[in-house]
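If you want the building blocks of each chain, they are given just below.
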Number of protein chains: 2
Amino acid sequence: MEPTESHPHAIHLGAERLEALMFRGVCHGAIGNRAFGGQVLAQSLHAAGQTVPAERIAHSAHGYYIRGGRAGQPIVYRVEATRDGRSFSTRQVQAVQDGEVLFSLTVSFQVAVPGAAHGLPMPDVPLPDELTGTRGLFGAVWDRQPIPAQLFDFRFVPDGLVPAGSQMYWVRAWEPLGEDPLAQLCAISYVSDIKLASIASGLDRAELPGHTLSSLDHSIWFHQPARADEWLLYHQHGRAVSDSRGLASGEFFTVAGDLVASVAQEVLIRPRR
Amino acid sequence: MEPTESHPHAIHLGAERLEALMFRGVCHGAIGNRAFGGQVLAQSLHAAGQTVPAERIAHSAHGYYIRGGRAGQPIVYRVEATRDGRSFSTRQVQAVQDGEVLFSLTVSFQVAVPGAAHGLPMPDVPLPDELTGTRGLFGAVWDRQPIPAQLFDFRFVPDGLVPAGSQMYWVRAWEPLGEDPLAQLCAISYVSDIKLASIASGLDRAELPGHTLSSLDHSIWFHQPARADEWLLYHQHGRAVSDSRGLASGEFFTVAGDLVASVAQEVLIRPRR
């Protein structure tokens, strides 16, 4: 996933290296002119991953969204090499526009350890081939900025098959992403932010237009190697809601039912004035 | 919870202010001579919280354990004032011994917003008064370093009433912690690390002595004000396990069934040589 090629995933999910610890990525925006948090997360991870040996694989990342980013303006990523131990490397990334930090991410990498993972069981839902493609399901908001739908095929599991407070969709990159494990994890990170805030808010669709949702943080754990150019089921579910904030969790499963990644995000909920 | 008084919770969970952005805490250790992660977390939060106005309440914290700490040697906490916005403040804390960073924590504070939270329902378990006190249940490891049991009363829910891969206990500080909301959240943070790693590992009790568990990270979200000197039910459950790492989640509930805090932690699992 070399960001200098014309591969659309590379352009949108990757960060181009400017200097040893400085990178830059395009910012395609999401709602209105605001940057899309999943893109900032993916590019931050891509920047961090280019500063560690290739055999060290990201196993977790925790980030805070500090300010909103502006779409259409490049984002610069500054990486700090916090630590390189025998088995683990830690990197701190700051995403910057106009000299101000938008997002701060800590990423931990571990020398790859063979062996599969097991965990929460996959929900019993229809397979992607049994569901129709759903570019249109993103609705009016996403139709204005349809880049996620240009990059990924989404197949939503019908509401009637999903528990209240949850959402599930199958997702797969439209094009192969290549054999770089980092590119695959960046793509999963990008997707992990799609539609998560609305589940975290606990608001139903009728209430959403009356409120503004802002991601506060984002955590992701990669349990084993995974590919975003093969189908993954993303199960998002709410955990807690207050008047001002909501927390959601999520899990990515392969078609074979293997849990490959887990996610958590808190969002700020504000009534629209 | 002034750490200069002789209150045992203040001594163990608090950090004494040395300078505007520098603090120091005692380190009581846990297993062998290693520092206890929950204490480092609580003291980091206490340090960060002393640098923001009292009406700004911690709503989340994400930290990475970078090196093991030494029990019996003070830990110094350096706080960086990352941001002070209209509603939110962000702080970065580094816990240091011998010039090396042991733990790095980012904490986000929000001006208190009134209103209760709701979320995951509380599991149906016996109330603490129906369960016996369980200092002894910490077993041999904790009996050598019983400070957590000196600070908190633990009432474990019997295994037969708990789903596989889960653990639940009621917990309450033996002494009142006062009216400072920060002291209450520090105490919940301290407790949140107790017994969590073994659930995250997915190992049963017979396998645990054959393995070394090290916490890799720790996330905590505070959904609403809560008191650690009143009974809280802590439900810990495994989410994913691989050959080298495991992930667990947890929730704290009041006796009334209100979800007040959520937790996530990944641990490193190594066979003992």
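Residues numbered from 1 in each chain as written. Chains lettered and ligands numbered in written order. Predicted model: local features only at pLDDT ≥ 70, side-chain atom pairs only at ≥ 80, totals over all residues. Heavy atoms only, no water.

Looking now at the interface of chain A and chain B. For an interface, size is often stated in terms of accessible area lost upon the parts coming together. At the junction of the two partners, chain A supplies 46 residues and chain B supplies 46 residues. The largest per-residue losses of area from chain A upon contact with chain B belong to Tyr-64, Trp-221 and Arg-239 of chain A, which jointly make up 20% of the total buried on that side. Viewed at the interface, chain B and chain A are joined by two salt bridges. Here Arg-239 of chain A and Glu-251 of chain B are joined by a salt bridge, their closest N and O atoms 3.1 Å apart. Secondary-structure elements contributing two or more residues to the side of chain A that touches chain B are β3 (56-65), β5 (88-97), β6 (100-111), β7 (118-119), β11 (217-222), β12 (232-241), β13 (245-254) and β14 (259-271) of chain A. Residue contributions to the side of chain A that touches chain B peak at six residues, all from β14 of chain A. Here the side of chain A that touches chain B is composed, by residue class, of 20 nonpolar, 18 polar and eight charged. (Contact = heavy atoms within 4.5 Å. Buried area = accessible area lost by both parts, 1.4 Å probe. Salt bridge = Lys/Arg side-chain N within 4 Å of Asp/Glu carboxyl O. Helix = DSSP H or I, 4+ residues; strand = E, 2+ residues; numbered from the N terminus. Nonpolar A, V, L, I, M, F, W, Y, C, P; charged D, E, K, R; others polar.)

In this section: the confidence of the model for chain A. Residues and elements named next belong to chain A. Per-residue confidence for chain A gives a mean pLDDT of 90, with 92% of residues at or over 70. Across residues 1-5, where pLDDT falls below 50, the model places 16 contacts with residues more than four positions away in sequence or in other chains. Within the model, pLDDT remains below 50 along residues 140-145, and this stretch shows ten contacts once partners closer than five positions in the same chain are excluded. With pTM at 0.94, the complex prediction returns an ipTM value of 0.93. (pLDDT = per-residue confidence, 0-100.)

Residues and elements named next belong to chain A. Across its twelve residues, helix α5 (residues 181-192) extends 17 Å between first and last C-alpha, which sits within 8% of the 16 Å expected from 1.5 Å per residue. Every buried residue of α5 is listed here: Leu-182, Ala-183, Gln-184, Leu-185, Cys-186, Ala-187, Ile-188, Ser-189, Tyr-190, Val-191 and Ser-192. N-capping of α5 is provided by Asp-180, with a side-chain oxygen placed 3.0 Å from the backbone N of Leu-182. (Expected span 1.5 Å × (residues − 1). Buried < 20%, exposed > 50% of the residue type's maximum accessible area, 1.4 Å probe, protein only. Polar contact = N/O pair within 3.5 Å; in protein donor to acceptor, adjacent residues only side chain to side chain.)

Here we take up the relation of the copies chain A and chain B. Least-squares fitting of chain A to chain B yields an RMSD of 0.0 Å, with the transformation described by 0.0 Å of translation along the axis and a rotation of 180°. In the structure described here, the two chain copies are related by an operation that fits a two-fold rotation axis. If distances are taken from each C-alpha of chain A to the rotation axis, the shortest is found for His-62 of chain A, at 3.4 Å. Mapped onto chain B, 100% of the interface residues of chain A again fall at the interface, so both copies present the same surface. (Least-squares fit on C-alpha atoms with pLDDT ≥ 70 in both.)

Right, let's get into helix α2 (residues 37-49) of chain A. Compared with the 18 Å implied by 1.5 Å per residue over 13 residues, the 18 Å span of α2 of chain A between its first and last C-alpha is a close match. In terms of burial, α2 of chain A is a largely internal element, 13 of the 13 residues being buried.

What follows concerns the packing of aromatic side chains. One pass over the full model with this rule turns up 16 aromatic pairs over all chains. With centroids separated by 4.0 Å and ring planes inclined at 5°, the aromatic side chains of Tyr-234 of chain B and Phe-252 of chain B adopt a geometry described as stacked. On the criterion of sequence distance, the pair formed by Tyr-234 of chain B in strand β12 (residues 232-241) and Phe-252 of chain B in strand β13 (residues 245-254) is long-range, its members being 18 residues apart. Taken as a pair, Tyr-234 of chain B and Phe-252 of chain B share a single burial class, namely buried. Taken together, Phe-36, Phe-152, Phe-154, Phe-156, Tyr-169, Tyr-190, Tyr-234 and Phe-252 of chain A form an aromatic cluster joined through their ring pairs. (Phe/Tyr/Trp six-rings, centres within 6.5 Å; stacked < 30°, edge-to-face > 60°.)

With that out of the way, let us pick up the side chain of Ser-201 of chain B. Residue and element names in this part refer to chain B. Its place among the elements puts Ser-201 in helix α6 (residues 196-201). A polar side-chain atom of Ser-201 sits 3.0 Å from the main-chain amide nitrogen of Leu-203. Apart from the residues within four sequence positions on either side, Ser-201 is in contact with Leu-208, Leu-213, Val-241, Val-267 and Ile-269.

In this section: the pattern of salt bridges. All names here are of chain A. Counted by the stated rule, this structure contains 20 salt bridges over all chains. Residues Arg-155 and Asp-153 are paired through a salt bridge, measuring 2.9 Å at the closest nitrogen-oxygen approach. The residues Arg-155 and Asp-153 share a single accessibility class, namely buried.

A grouping of Arg-34, Arg-270 and Arg-273 of chain A together with Arg-86 of chain B is seen on the molecular surface, where their side chains present a positively charged patch. Positionally, Arg-34 of chain A belongs in the loop between β2 (22-25) and α2. What makes Arg-34 of chain A partly exposed here is its relative accessible area of 37%. (Patch = residues over 30% accessible without salt bridge, like charges linked within 9 Å, V, L, I, M, F, W, Y side chains within 5 Å. Areas by Shrake-Rupley, 256 points an atom, 1.4 Å probe, with all protein chains shown as cover. Lys, Arg positive; Asp, Glu negative; His and termini not counted. Charge placed at Lys NZ, Arg CZ, Asp CG, Glu CD.)

Glancing now at the pairing of strand β2 (residues 22-25) of chain B. All names here are of chain B. Only one face of β2 is covered, namely the one carrying Phe-23 and Gly-25; the face carrying Met-22 and Arg-24 has none of its residues buried. Judged from the three bridges that link them, strand β1 (residues 16-19) and β2 form a sheet pairing that is antiparallel. Residue pairing in the sheet places Glu-19 in a bridge with Met-22 of β2. Adjacent in sequence and paired antiparallel, β1 and β2 are bridged by two residues. Looking at chain direction, β2 and strand β4 (residues 75-84) are connected through four bridges and run antiparallel. In the sheet register, Phe-23 faces β4, and the bridge partner there is Tyr-77. (Pairing = 2+ DSSP bridges.)

So, on to the packing of helix α2 (residues 37-49) of chain B against helix α5 (residues 181-192) of chain B. All names here are of chain B. The geometry of α2 relative to α5 is characterised by a closest axis approach of 7 Å and an angle of 160° between their N-to-C directions. Considered as vectors, α2 and α5 are oriented roughly antiparallel to each other. In the packing of α2 onto α5, the handedness of the crossing is right-handed. Only Leu-182, Leu-185, Cys-186, Ser-189, Tyr-190 and Ser-192 of α5 make contact with α2, whose side of the interface consists of Gly-38, Gln-39, Leu-41, Ala-42, Leu-45, His-46 and Gly-49. Counted by class, the contact of α2 with α5 contains seven nonpolar, six polar and no charged residues. (Axes fitted to C-alpha atoms, helices over the stretch in contact; angles between N-to-C directions. Parallel < 35°, antiparallel > 145°, perpendicular 65-115°, else oblique. Left-handed = near helix turned anticlockwise from the far one by under 90°.)

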